[in-house]
Amino acid sequence: MYRSNHCGALRIEDLGKQVTLSGWVQTNRDLGAMTFVDLRDRYGITQLAFSTEKNAELTEKARKLGREFVIQVTGTVIERSSKNKNNPTGDIEIEVAELKVISISETPPFTIIDDTDGSEEIRLRHRYLDIRRPIMRDRLITRAKMVKVIREYLDNQDFIEIETPNFIKSTPEGARDFLVPSRLHPGNFYALPQSPQILKQLLMVSGMDRYYQVVKCYRDEDFRGDRQPEFTQVDCEMSFVHQEDVLNMFEGMTKTVFQKIKGIELPDFQRITFHDAMKYYGSDKPDLRFDCKIVEIQDILPKSEFVVFNQVIENNGIVAGVNAKGCAGYTRKQIDALTDFVKEPHRGLNGLVWIRWNEEGIKSSVDKFYTPEQLEIILKAFDAEKGDLILLGAERASKVRKSLGDLRLELAKNNGWIKEGDYSVLWVVDFPLFELDEETGETIFMHHPFCMPHETDIQYLESEPLKVRGQLYDMVINGNEIVSGSIRIHDKQLQDKIFNILGMTEEEIENKFGFMVNAFRYGAPPHGGCAFGLDRWVLLMTSGDTIRDVIAFPKSSNGKDMMMDAPTYVDPKQLDELGIAIKK
Ligand code: ASP
């Protein structure tokens, strides 16, 4: 028997018991007459006591134990003289009678504590050691608990977990596929699924009615932001449902997870249209843990000689701003920093106009152009009070919205407007079905080509496709898109029309989605669903900084597995077998 108890189990009630524990040496403190060793396993830490007086030989052996040695001890549970209230086992220690070294360890390359000295790179290289840190262990445990709650919830709602293959044909999530060459069919490739989208829709055609899967998805995207080339979705699909049914089902699931994992009772989720999200928050994933709405003022702007605003309005742009509540005391330098922020090329404003209202009255960067009364009209549009600072930008609507959307987040960060532990969960609905590709100017789908348009908008499909709203929804948690989904098209003619608008030829349709189009010939039920991005959701429920923190063996930010050293060159023989040659 390696152990009678684990290292987090023993309490004051266990005094006098003979126990055997196994685990890793966390620390070893030699205090002369006594030596104390902290023994760690997944469940906790128990202190081991050795005394020279009682057993000199054993104590000598204990002194030689290095960090991360794996040992087994047998001894008696005794009361500790100096108790540690921060540790559940802190009232007791083990007076050790036997000690066995099971594995020795080299000195680990970083300290195995939450506040470690190891850089992320070195921790990724030695991930097995990193996961010994309680903080990492706890994130993985929370992840497992969340999945368990999700499975329970869906099971209670008659969902069936069905596995779908990893070697398939390309799926339409708009990213690049990872390809797997086929040895048996030289020159042919499988694609790894960007999501099981088509397969889950086919399961609806099969009559499975309610499907889910905790599933790996693969997208070969550039290393931007906090992404992983392989990531996990909780992928779901339901038959005979309207959008409302899907929203209610997964709002319920999300509430259950928050309740069971964090003890938080979430209120009913606010719903906001894509249009309003963009207009008022400059983002399709607004963070509503704080207010700071964008207000457009081009229609109420008093007449003046200020050419910057006048020109923008002439060119159908907008003038809009945010109220930085309580920021009237901002220094010149602080305002300059915010101006530089909105001028960064990906935001692209030319500057910020400011109006501050403090003890000395109202002052602005456009005092030359607006009378105090006119400035007051503007302040009123922002419900401004003494102490506030209004920041205004003028440009094309999309640029102003993006810039001010980012600015409100920046202000929230700088001013601590977001309370630790707060959650804002909402639905964004009515996304447009199509958007314009910025590079090519072509009409492309917003989500994937199987999304159902709003019935009332179908009339614009051919004439004004960009105006058509889809039955498309996202769930946003704290400014992160956690869920994305839609009601799907189950009518072949409508689907053909959409393919046409996307500029797909008959041949392309047949080649890419022939099997799906065929399946829909045999009676497709109305259906819809969504997918949760599990990694990011876990991150929001735990404490990490990046989604790498909630994945046992993640890729680094540039897509490498630092521990296994992948991707890597392969033996030319393997390439030969695949009929592949590498271009120089
Ligand atoms: N397949 C979609 C995605 O990965 C989710 C869905 O529409 O259900 O975003």
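The preceding data block contains the structure.
Residues numbered from 1 in each chain as written. Predicted model: local features only at pLDDT ≥ 70, side-chain atom pairs only at ≥ 80, totals over all residues. Heavy atoms only, no water.

Caption draft 1: Structural detail: empty space enclosed by the protein. Scanning all chains against the criterion turns up two cavities of 30 Å³ or more. In this model, the largest cavity occupies a volume close to 70 Å³. Every residue lining the largest cavity is listed: Phe-450, Asp-491, Lys-492, Gln-495, Asp-496, Phe-499, Phe-513, Met-516, Val-517 and Phe-520. For the lining of the largest cavity, the secondary-structure elements that each account for two or more residues are α12 (492-501) and α13 (506-519). (1 Å grid on protein atoms, 1.4 Å probe; cavity = no way out; pocket = protein on both sides within 12 Å on 5 of 7 lines; lining within 4 Å. Points joined across faces, edges and corners; volume = space filled by probe spheres on them. Helix = DSSP H or I, 4+ residues; strand = E, 2+ residues; numbered from the N terminus.)

Caption draft 2: Layout of the pairing of strand β10 (residues 230-239). A large share of β10 lies buried, amounting to nine of its 10 residues. Both strand β9 (residues 210-218) and β10 contribute to a ladder of nine bridges, which runs antiparallel. What sits directly across from Val-214, in β10, is Val-234. Sheet topology note: the β10/strand β22 (residues 527-533) ladder contains seven bridges and is antiparallel. Residue Glu-237 lies in a different strand from β22, and its bridge partner there is Gly-529. (Buried < 20%, exposed > 50% of the residue type's maximum accessible area, 1.4 Å probe, protein only. Pairing = 2+ DSSP bridges.)

Caption draft 3: Geometry of the packing of aromatic side chains. A full pass over the atoms with the stated rule returns 14 aromatic pairs. On the numbers, 5.2 Å between centres and 40 degrees between planes, the contact of Phe-274 with Phe-431 is tilted. Of this pair, Phe-274 sits in helix α7 (residues 274-281) while Phe-431 sits in the loop between β17 (425-429) and β18 (434-436), placing them 157 residues apart in sequence. In this structure Phe-431 comes out as buried when scored by relative accessible area, which is 5%. Between the aromatic rings of Trp-427 and Tyr-473, the centroid separation amounts to 6.1 Å while the plane-to-plane angle is 90 degrees, which identifies the pairing as edge-to-face. Here the residue Trp-427 occupies a position in strand β17, and Tyr-473 occupies one in strand β20 (residues 472-477), the gap between them amounting to 46 residues. For the pair formed by Trp-427 and Tyr-473, the shared burial category is buried. When the ring centre of Tyr-460 is taken as reference, the NZ or CZ atom of Lys-467 above it lies at 4.1 Å. (Phe/Tyr/Trp six-rings, centres within 6.5 Å; stacked < 30°, edge-to-face > 60°. Lys NZ or Arg CZ within 6 Å of the ring centre and 35° of its normal.)

Caption draft 4: Fine view of unusual backbone geometry. Each neighbour pair has its own omega, and for Ala-566 with Pro-567 the value is 0 degrees, a cis peptide bond. Mapped onto the secondary structure, Pro-567 falls in the loop between α14 (534-541) and α15 (572-578). Its identity is not glycine, yet Asp-158 carries a phi of approximately 70 degrees, on the positive side. Secondary-structure assignment places Asp-158 in the loop between α4 (134-156) and β6 (160-161).

Caption draft 5: Structural view of the sheet that holds strand β4 (residues 70-79). Ordered by their spatial adjacency, five strands build a closed barrel running β1-β2-β3-β5-β4, and the pairing between neighbours is mixed. Within the sheet, the average angular offset between the axes of one strand and its neighbour, ignoring direction, is 55 degrees. Taken together, the 10 bridges between β4 and strand β5 (residues 92-103) define a ladder with antiparallel strand orientation. Paired with Val-70 across the bridge in β5 is Ser-103. In the packing of helix α1 (residues 56-63) onto the sheet, the strands contacted are β1 (18-30), β2 (34-41), β3 (44-51) and β5, and the crossing angle to β5 comes to about 65 degrees. (Axes fitted to C-alpha atoms, helices over the stretch in contact; angles between N-to-C directions. Contact = heavy atoms within 4.5 Å.)

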